[in-house]
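# Coordinates in review
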Amino acid sequence: MLIIRDLYVEVSGKEILKGVNLEINEGETLILFGANGSGKTSLLLTVMGFSNYKITQGEIVYKGRVINDLPINKRARMGIGISLQRPPVVRGVKTRQMVDIASEGSADPEDLAARLHLTDFLDRDINLGFSGGEMKRSELLQLIAQSPSLVLLDEPESGVDLENMDLVGEVINKLLEKHLHRQRKRSGLIITHTGYILNYLEADRGCVLLNGRIGCLGNPREILEDIRQRGYKECVVCNR
Amino acid sequence: MKKIDELAKEAISKPAALGRDIAIEKFSQTTEEYPYLEDLSSLNEEDKSRMVEAGIEASEKGRSGTFVQMDHSVIHEGCHQEGLEIISITSALEKHDWLQDYFWKAVPVNMDKYTAAAHLAPHHGYFIRSLPGAKSIFPLQACLFIGKKGLGQNVHNVIIAEEGSELNIITGCTTARHIKEGLHIGISEFYVKKGARISFTMIHSWAEEVMVRPRTATIVEEGGVFLSNYICLKPVKSLQMYPVSRLVGPGAMARYNSILYAHPGSHLDVGSRVILSAPQTRAEVIARTISSGGEIIARGHLVGEVPGIKAHLECRGLILKDGLIHAIPELEGKVADIDMSHEAAVGKINQEEIEYLMARGLSAGEATAAIVRGFMDVGIMGLPGPLAKEIDKAIKSCEEESL
């Protein structure tokens, strides 16, 4: 589904990713751990194609095609979808409109919004005055509408209150077709800082992004446990 | 006291406080008279389509009454609802002796050379009135049309909502499609009586070389509401106006919404001023300005004269490319215990917003259009349905041309 080869990325002239190698297979969910500022968000935004993230070396291959030079919207229409950690406010553009855009008019905004307890947000300017948790649910709402093959989630649980955590977990599981087994097609790349999302989601693999490179590929729960006990310092030493 | 005529004569060379000076005499003051039309649908299709762009329906469908002036001729007037009146100001002055008491009472005749010219060389204008308690079911519409090249058109309008009545008005000002030059001077005096309400939407759809100098003032009495929506999305050479509302009765309210779009070569100097001089009065001034190469000076001035008033001013500007937007918000508090605020922001479209919409599947161009459209969104303005629809149409037609 997604192959990242020797990827170097600069943001405003500063090198953030320094030779990332990563592969996500069809139907697989990968958890990306990493300390603050390690470049996790940069990796996701580079895969989506945001213009601040300049690829200086390496390639991103999606569904067999190098997408380094594809505009964001082409990537979206090819099936890459993203939930941003801090999505921008777009005044005058309503949540309902975002659902229509993402689904190309094929989704019923009322129905989807009801599932995410966002009915009252449909006719509000997107992200304007939304709490952290509301933004996360609104991002998921747009993702369900888009129904992407590769789901990129940047800390989907941060800011979500306990009451809605079950709901968010359930929606992410559905997005990633966790209810299907052999026929599962959807893949996921999920950033988590706290690892909290693992209580709600079966992930296949985990890895740690450290100093702009991927290390420590393995069982996500074990990685999380390691980080909990020894912190990211250990990853530096371990260098697996 | 000096007579109005004298005051006007003294002011005939007086430049305006704001805006570039216009040589009025360069514009023709005479033109042929057009015949009166019983049925507006007999107008040629081109003129009708220009009117539609300014929110005017030649079919009069969904309108309570209509007034149309072409150059210096009133070509149609009529009202279909009891309790409302819409006729030319010239006929109204003949018909109602008392109308003199409202003439040049809100706008001073010697304000500048444009007010003076409108008095000394008047070319009609309209009179609209709702009787006490009458409520317009559909909007009334008034159209001021320039069909002759280089013409000066001086109109004077008086609008009165008597006690407890309600008026919805759409005014469309435009030129014939082939006309690029002209001067429009429009005096408008609004009187909102006790408990009355006026929703006034003005759509300007001028041309590249047209100069425009509206002079507008409103007096709002106790519990009255004045809602003004001003839309100018088409090119215009020079437009300067600074309408003012005086809230003189307790609990009176005024709200101004403006949507301005400056094309290359256009210069717009537009503001809204509210003087809150009675207790519990409220005002809101909202402007959305966009430049794709032209210049906009977006002014706003709130004056709080008594305790207990509340007023807010908001100006947002978007520079698409080049151009200039100069926001000048002013708050003037004259006593303690008032609540006045403003916010102003000028900038370009945030790349992050464009890319956010692109991540949902829109192309860069589509994303920009959606953001600009959202920026001009009138949903925020809480307009009555039919008026909102007119504005929507005007925005759409502008969008198609410029994006």
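The following refers to the structure shown.

### What to know about the interface of chain A and chain B
Taken together, the 29 residues of chain A in the interface contact 18 residues of chain B. Across the chain A to chain B interface the summed buried area is about 1900 Å²; carbon plus sulfur atoms make up 59%. Counting across the interface, chain A meets chain B through one salt bridge. Between E139 of chain A and R360 of chain B there is a salt bridge, with its nearest N and O atoms 2.8 Å apart. Counting across the chain A and chain B interface gives nine residue pairs in polar contact (both at pLDDT 80 or more). Put simply, the parts of the chain that give the side of chain A that touches chain B at least two residues each are helix 2 (72–77), strand 7 (90–94), helix 3 (95–103) and helix 5 (132–146) of chain A. Here the side of chain A that touches chain B takes five residues from strand 7 of chain A, the largest share from any one element. A per-class count over the side of chain A that touches chain B returns 17 nonpolar, seven polar and five charged.

### As for empty space enclosed by the protein
All names here are of chain B. Counted under the stated rule, the structure contains four cavities of 30 Å³ or more. Taken as a whole, the largest cavity holds about 230 Å³ of empty space. If you trace the largest cavity, you find 26 residues lining it, with F200, M202, P214, T216 and M241 closest to the centre. Elements represented by at least two residues in the lining of the largest cavity include exactly strand 7 (166–175), strand 8 (181–192), strand 9 (197–205), strand 10 (209–220), strand 11 (225–232), strand 14 (253–262) and strand 15 (267–276).

### Concerning the sheet that holds strand 3 (residues 29–33) of chain A
Residues and elements named next belong to chain A. Spatially, six strands are ordered 6-9-10-3-11-12 in an open sheet, and the strand pairing comes out mixed. Here the strands that pair on one side only, and so sit at the sheet edges, are strand 6 (80–83) and strand 12 (213–218). Shown here is a sheet whose adjacent strand axes are inclined to one another by a mean of 20°, direction ignored. Sheet strands in contact with helix 1 (residues 40–48) are strand 3, strand 6, strand 9 (150–154), strand 10 (187–191) and strand 11 (205–210), and its direction is about 145° off that of strand 9. Across the sheet, helix 5 touches strand 6 and strand 9, and the angle it forms with strand 6 is around 170°.

### Considering the pairing of strand 7 of chain B
All names here are of chain B. Summarising burial for strand 7: nine of the ten residues are buried, a large majority. Here strand 5 (residues 140–146) runs beside strand 7; their pairing, made up of seven bridges, is parallel. Looking across to strand 7, one finds that Q141 is bridged to I170. Examined bridge by bridge, strand 7 and strand 9 share nine bridges and lie parallel to one another.

Definitions and limits used
- Residues numbered from 1 in each chain as written.
- Chains lettered and ligands numbered in written order.
- Predicted model: local features only at pLDDT ≥ 70, side-chain atom pairs only at ≥ 80, totals over all residues.
- Heavy atoms only, no water.
- Contact = heavy atoms within 4.5 Å.
- Buried area = accessible area lost by both parts, 1.4 Å probe.
- Salt bridge = Lys/Arg side-chain N within 4 Å of Asp/Glu carboxyl O.
- Polar contact = N/O pair within 3.5 Å; in protein donor to acceptor, adjacent residues only side chain to side chain.
- Helix = DSSP H or I, 4+ residues; strand = E, 2+ residues; numbered from the N terminus.
- Nonpolar A, V, L, I, M, F, W, Y, C, P; charged D, E, K, R; others polar.
- 1 Å grid on protein atoms, 1.4 Å probe; cavity = no way out; pocket = protein on both sides within 12 Å on 5 of 7 lines; lining within 4 Å.
- Points joined across faces, edges and corners; volume = space filled by probe spheres on them.
- Pairing = 2+ DSSP bridges.
- Axes fitted to C-alpha atoms, helices over the stretch in contact; angles between N-to-C directions.
- Buried < 20%, exposed > 50% of the residue type's maximum accessible area, 1.4 Å probe, protein only.

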